[in-house]
Amino acid sequence: MSYNLLKGKRGIIFGALDENSIAWKTAERVHAEGGTFVLTNAPVAMRMGQIKVLAEQTGSEVIPADATSQEDLENLVSKSVEILGGKLDFVLHSIGMSINVRKGRHYTDEHYDFTTKGWDISALSFHRVMQSLYKADAMNEWGSIVALTYMAAQRTFPDYNDMADNKAYLESVARSFGYFFGKEKKVRVNTISQSPTATTAGSGVKGFDGFISYAEKMSPLGNASAQDCADYTVSLFSDLTRKVTMQNLFHDGGFSNTGVSQEVIEQFE
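What counts and how
- Residues numbered from 1 in each chain as written.
- Predicted model: local features only at pLDDT ≥ 70, side-chain atom pairs only at ≥ 80, totals over all residues.
- Heavy atoms only, no water.
- Helix = DSSP H or I, 4+ residues; strand = E, 2+ residues; numbered from the N terminus.
- Rg over C-alpha atoms; globule rule 2.2 N^0.38 Å.
- Areas by Shrake-Rupley, 256 points an atom, 1.4 Å probe, with all protein chains shown as cover.
- Lys, Arg positive; Asp, Glu negative; His and termini not counted.
- Charge placed at Lys NZ, Arg CZ, Asp CG, Glu CD.
- Pairing = 2+ DSSP bridges.
- Contact = heavy atoms within 4.5 Å.
- Axes fitted to C-alpha atoms, helices over the stretch in contact; angles between N-to-C directions.
- 1 Å grid on protein atoms, 1.4 Å probe; cavity = no way out; pocket = protein on both sides within 12 Å on 5 of 7 lines; lining within 4 Å.
- Points joined across faces, edges and corners; volume = space filled by probe spheres on them.
- Nonpolar A, V, L, I, M, F, W, Y, C, P; charged D, E, K, R; others polar.
- Expected span 1.5 Å × (residues − 1).
- Bend = angle between axes of the 7 residues up to and from the residue.
- Buried < 20%, exposed > 50% of the residue type's maximum accessible area, 1.4 Å probe, protein only.
- Parallel < 35°, antiparallel > 145°, perpendicular 65-115°, else oblique.
- Phe/Tyr/Trp six-rings, centres within 6.5 Å; stacked < 30°, edge-to-face > 60°.
- Polar contact = N/O pair within 3.5 Å; in protein donor to acceptor, adjacent residues only side chain to side chain.

Engineer: How do you make sense of the overall build of the chain when you look at a structure like this?
Structural biologist: A tally of regular secondary structure across the chain gives ten helices and seven strands. Against the globule reference of 18 Å for 269 residues, the chain gives a C-alpha radius of gyration of 18 Å, in line with a compact fold. Along the three orthogonal principal directions, the C-alpha set of the chain runs to about 60 × 45 × 40 Å. Approximately 12800 Å² of the chain is accessible, and the part contributed by carbon and sulfur atoms is 51%. For the chain, the distance from the average position of its 26 positive side-chain charges to the average position of its 32 negative side-chain charges is 6 Å.

Below, the structure written as structure tokens:
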């Protein structure tokens, strides 16, 4: 069911890889709610995924952009405004990658060149995106910028590795830039701390299946799916949440506030 929550609104969606990704589900949901957007991802990710299929389904254009390149992002912002016919109302940052995880490097044995690259892609890129939008004055008043994060920014999950540090930095950027974007341009900036979700990117974390099963048993409402996250993101893009900003919003079925569940107790008894 759609409610035309985003009718007439324009934006950019980063990170749609395939139909399992949260960005992909969000793009479909935004389209259903009347929003128009440009899709973007890094050239290497575009070769791996099926973003062109999504573009056809939603009548969108695709602009390749490396989120660690200021030149690419400035080009993306200016072309998006041109293609969509005006300033933007929403942006989704759904970008994350740890080379240490991919290479099997333990947190106590990081390769720091890998660490720096992963931090640049996963966290600093959020600042780059917002700085590009801010300097170009590309956002409409009461626009909304959302990035996806995970609770490992606050609590330790051993196999999440250096991505935990990246997410902590990402959330700090949302608060810091959110102050200036709100004060000077009436733009909201928030992060969604999502349940562990079976995406192509997430499945690269060691022990991920067990991780999802544990979170499902811990969460009173169960894990939030990629589709659930898309719905929540749309609510943050809409005018119904105009005074929500600089927040890290847990979207995890209650996991973040549950000490222990009966299901987990029974598992160990």
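Engineer: Sorry, what's going on with the sheet that holds strand S7 (residues 248-251) here?
Structural biologist: Whenever strands of a sheet pair, they do so through backbone hydrogen bonds, lying parallel or antiparallel. One open sheet holds the seven strands; their spatial order is S3-S2-S1-S4-S5-S6-S7, and the pairing between them is parallel. A single partner strand is all that each edge strand has here, and the edge strands are strand S3 (61-62) and S7. Where strand S6 (residues 188-194) lies against S7, four bridges are found, and the strand directions are parallel. Bridge pairing in S7 links Thr191 to Asn248. The strands touched by helix H7 (residues 163-185) are strand S4 (88-93), strand S5 (139-149), S6 and S7; relative to S5, the strand with the most contacts, the crossing angle is about 175°. Along the sheet face, helix H9 (residues 226-237) touches S4, S5, S6 and S7 and points at about 165° away from the line of S6.

Engineer: Looking at this structure, I do not really get empty space enclosed by the protein. What am I missing?
Structural biologist: Over the atoms rolls a probe the size of a water molecule, and in doing so it shows where empty space is left. The final tally for this structure, using the stated rule, is one cavity of 30 Å³ or more. The volume enclosed by the largest cavity comes to roughly 40 Å³. Around the largest cavity, the lining residues are Tyr150, Met151, Ser193, Gln194, Ser195, Pro196, Asp252 and Phe255. Class assignment of the residues belonging to the lining of the largest cavity gives a composition of four nonpolar, three polar and one charged.

Engineer: Please clarify how H7 should be interpreted in this entry.
Structural biologist: Relative to the 33 Å expected for 23 residues at 1.5 Å per residue, H7 spans 31 Å between its end C-alpha atoms, a close match to the ideal helical length. At Phe177, H7 shows its strongest bend, of approximately 25°. Every buried residue of H7 is listed here: Met163, Ala164, Asn166, Lys167, Leu170, Glu171, Val173, Ala174, Phe177, Gly178, Phe181 and Lys185. For H7, the secondary structure elements touched by its buried residues are S4, helix H6 (112-135), S5, S6 and S7. Following H7 by one or two positions, Lys186 adopts a phi angle in the positive range, close to 60°.

Engineer: Looking at this structure, I do not really get the packing of H6 against H7. What am I missing?
Structural biologist: Helices that pack against each other are described as a pair by the angle of their axes relative to one another and the distance between those axes. One can describe the packing of H6 onto H7 by two numbers: an axis separation of 8 Å at closest approach and a directional angle of 10°. Judged on the interaxial angle alone, H7 and H6 are roughly parallel. Note on element contacts: H7 touches H6 through Met163, Asn166, Tyr169, Leu170, Val173, Ala174, Phe177, Phe180, Phe181, Glu184 and Lys185, opposite Gly118, Trp119, Ser122, Ala123, Leu124, Phe126, His127, Met130, Gln131, Leu133 and Tyr134.

Engineer: Help me out: how do you make sense of the packing of aromatic side chains in this one?
Structural biologist: To describe a pair of aromatic rings, you give the distance between the ring centres and the angle between the ring planes. Taken as a whole, this structure holds eleven aromatic pairs when the rule is applied. With a centroid separation of 5.9 Å and 75° between ring planes, the pair formed by Tyr150 and Phe211 is classed as edge-to-face. Residue Tyr150 is located in the loop between S5 and H7, and its partner Phe211 is located in helix H8 (residues 208-218); the two are separated by 61 residues in the primary sequence. In terms of burial, Tyr150 and Phe211 fall into one category: buried. Here Phe177 and Phe181 contribute two aromatic rings whose centre-to-centre distance is 5.6 Å and whose plane-to-plane angle is 35°, an arrangement assigned as tilted. Of the two residues, Phe177 and Phe181 are both situated in helix H7; the distance of four residues between them amounts to about one turn of the helix. With respect to class, Phe177 is no different from Phe181; both count as buried. Through a chain of ring-to-ring contacts, three or more aromatic side chains come together here, namely Tyr150, Phe157, Tyr160 and Phe211.

Engineer: I'm lost on the environment of Ser132 in this one. Help?
Structural biologist: Within the secondary structure, Ser132 sits in helix H6. Taking the C-alpha atoms as reference points, Ser132 and Gln70, separated by 62 residues in sequence, lie 7.5 Å from one another. In this structure Ser132 touches Gln70, Leu73, Glu74 and Val77, once residues within four positions along its chain are discounted. Of the polar contacts made by the side chain of Ser132, one reaches the backbone oxygen of Arg128; its length is 2.9 Å.

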